[in-house]
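Summary of the model geometry
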Amino acid sequence: FKTPENFNLPFLAKSIPDFWRRWHMTLTSWLSTYLFMPLNIRLRSWGAWAVHVCILANMMAIGLWHGLSWNFALFGLLHAVYISSSLATQRVRDRLAKNVPGYGFFRRYLSPVLVYHLVLVSFMLFWIHSLDDLDHVITTFDGVFDWVRSHPTVRVAAAEVSANGFGFNAIEFCRIAFGILVMAFLHAVQKKDRLAERFLRAPVFLRWSFYNVLVLAVVILGNYDNLAFVYSLF
């Protein structure tokens, strides 16, 4: 069975438009074909404003596709602002890359970090049910920053991590850190097409051993306390 590619290392994207070219590619390509392009053709007399209006319509559709709720509409609106801002500043950033020493390095290696955190901020909107929830999340982050500022040497310890508002203990924190490292390693391997090809040509025994290890990891490390799936109510 051959399925269309749906995700292409989205968390390595260097801009929000690049992120949406990598994230949920089947949905974004469908909307581009049947919403963005027809609407852009119809509004072409509006000039540059037509593109921004089409971006807003497209991203609002993506947000509301997840559910008819104000938080999903706000998610779409936020990403429309992200994309429009990125397009509006494209020429300025290109000039900075040519004329400002060090900016090219930032753009190549640090912009994915910035994009990643901008996306994480928008993902908070998936889980909130009221403005009080959003205020609680923001207040929690303020507590983290206060904790970092109050410690000359930032150290990871169970008491400190629990005190900053996240509620993790040392074991949970290590599991999260290990998961992030595994994800980063898999992303690095995925970028190397030759490694992927070699893996597919490996003996059946080795490949299925790896598959079984992944299945066991899901069974052993899986979270069975909260079975609510993000799309279960959509």
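Quick summary incoming for the structure in this document.

Conventions used here
Here the residue index of a chain counts from 1 through its sequence in written order. Residue-level local features of this predicted model are given only where pLDDT is at least 70; pairs of side-chain atoms are given and counted only at 80 or more, and the full residue set underlies all totals for whole chains, interfaces and linings. Where side-chain values are given, they derive from all heavy atoms of the structure, hydrogens and water being excluded. For helices the rule is a DSSP run of H or I covering at least 4 residues; for strands it is a run of E covering at least 2, with both sets numbered from the N terminus onward. Note on contacts: a residue pair qualifies if any of its non-hydrogen atoms lie within 4.5 Å across the two residues. Only rings of Phe, Tyr and Trp enter the pairing, Trp through its six-membered ring, and a pair is recorded when the two centres are within 6.5 Å. The plane angle decides the type: under 30 degrees is stacked, over 60 is edge-to-face, the rest tilted. To qualify as a nonpolar core, a set must consist of buried Ala, Val, Leu, Ile, Met, Phe, Trp, Tyr and Cys residues joined through side-chain atoms within 4.5 Å. Throughout, exposure labels follow a simple rule: accessible area from a 1.4 Å probe, protein chains only, divided by the maximum for the residue type, with under 20% read as buried, over 50% as exposed, and the rest as partly exposed. Patch building starts from residues that exceed 30% relative accessible area and form no salt bridge, then joins like charges within 9 Å and nonpolar side chains (Val, Leu, Ile, Met, Phe, Trp, Tyr) within 5 Å. In short, Shrake-Rupley with a 1.4 Å probe defines the accessible areas, and a residue's cover is counted only from the protein chains shown. For this document, the term salt bridge refers to a Lys or Arg side-chain nitrogen within 4 Å of an Asp or Glu carboxyl oxygen. Take the number of residues in a helix, subtract one, and multiply by 1.5 Å to get its expected span.

With respect to the helices and strands, the residue Thr-28 is situated in helix α2 (residues 25-42). Beyond its immediate chain neighbours, meaning those up to four positions away, Thr-28 contacts Trp-20, Trp-23 and Ile-62.

Attention now goes to the packing of aromatic side chains. Following the criterion strictly, the structure yields 15 aromatic pairs and no others. Ring plane angle 85° and centroid distance 5.0 Å describe the contact between Phe-7 and Trp-23, whose orientation is recorded as edge-to-face. Residue Phe-7 is found in the segment before α1 (16-22), and its partner Trp-23 is found in the loop between α1 and α2; the two are separated by 16 residues along the sequence. Aromatic ring contacts, followed pair by pair, group Phe-7, Phe-11, Phe-19, Trp-20, Trp-23, Phe-75, Tyr-116 and Phe-123 into a single cluster.

Glancing now at the nonpolar core. Side chains of a nonpolar character, in soluble globular proteins, are inclined to be buried together. Counting residues in hydrophobic clusters, the biggest one holds 24 residues, and the most contacted among them are Ile-16, Phe-19, Trp-20, Met-59 and Phe-123. Looking at this core, the elements that each hand over two or more residues are α1, α2, α3 (48-65), α4 (70-88) and α6 (103-123). When residues no more than four places from it in sequence are discounted, the contact partners of Phe-19 are Pro-10, Phe-11, Ala-13, Val-115, Val-119 and Phe-123.

In the structure, Trp-23 is positioned 17 residues away from Asn-6 in sequence and 6.8 Å away in space, judged by C-alpha atoms. If we ignore the near neighbours within four places in the chain, the residues touching Trp-23 are Asn-6, Phe-7, Pro-10, Phe-11, Thr-28 and Phe-123.

On the surface, a cluster of nonpolar side chains totalling about 520 Å² of accessible area is made up of Leu-56, Trp-70, Leu-74, Leu-77, Val-81 and Leu-131. Among the elements that line the nonpolar patch, the one with the most residues is α4, at four residues. Mapped onto the fold, Leu-77 is located in helix α4. Given a relative accessible area of 39%, Leu-77 falls into the partly exposed group.

In this model, α4 (19 residues) spans 26 Å end to end at C-alpha, consistent with the 27 Å of a helix rising 1.5 Å per residue. Taken together, the buried positions of α4 are occupied by Asn-71, Phe-72, Ala-73, Phe-75, Gly-76, His-79, Ala-80, Tyr-82, Ile-83, Ser-84 and Ser-86.

Next up on the list: the environment of Met-37. If you trace the backbone, Met-37 turns up in helix α2. By relative accessible area, Met-37 is classed as partly exposed at 39%. Residues Met-37 and Asn-58 lie 21 residues apart in sequence; the distance between their C-alpha atoms is 9.9 Å.

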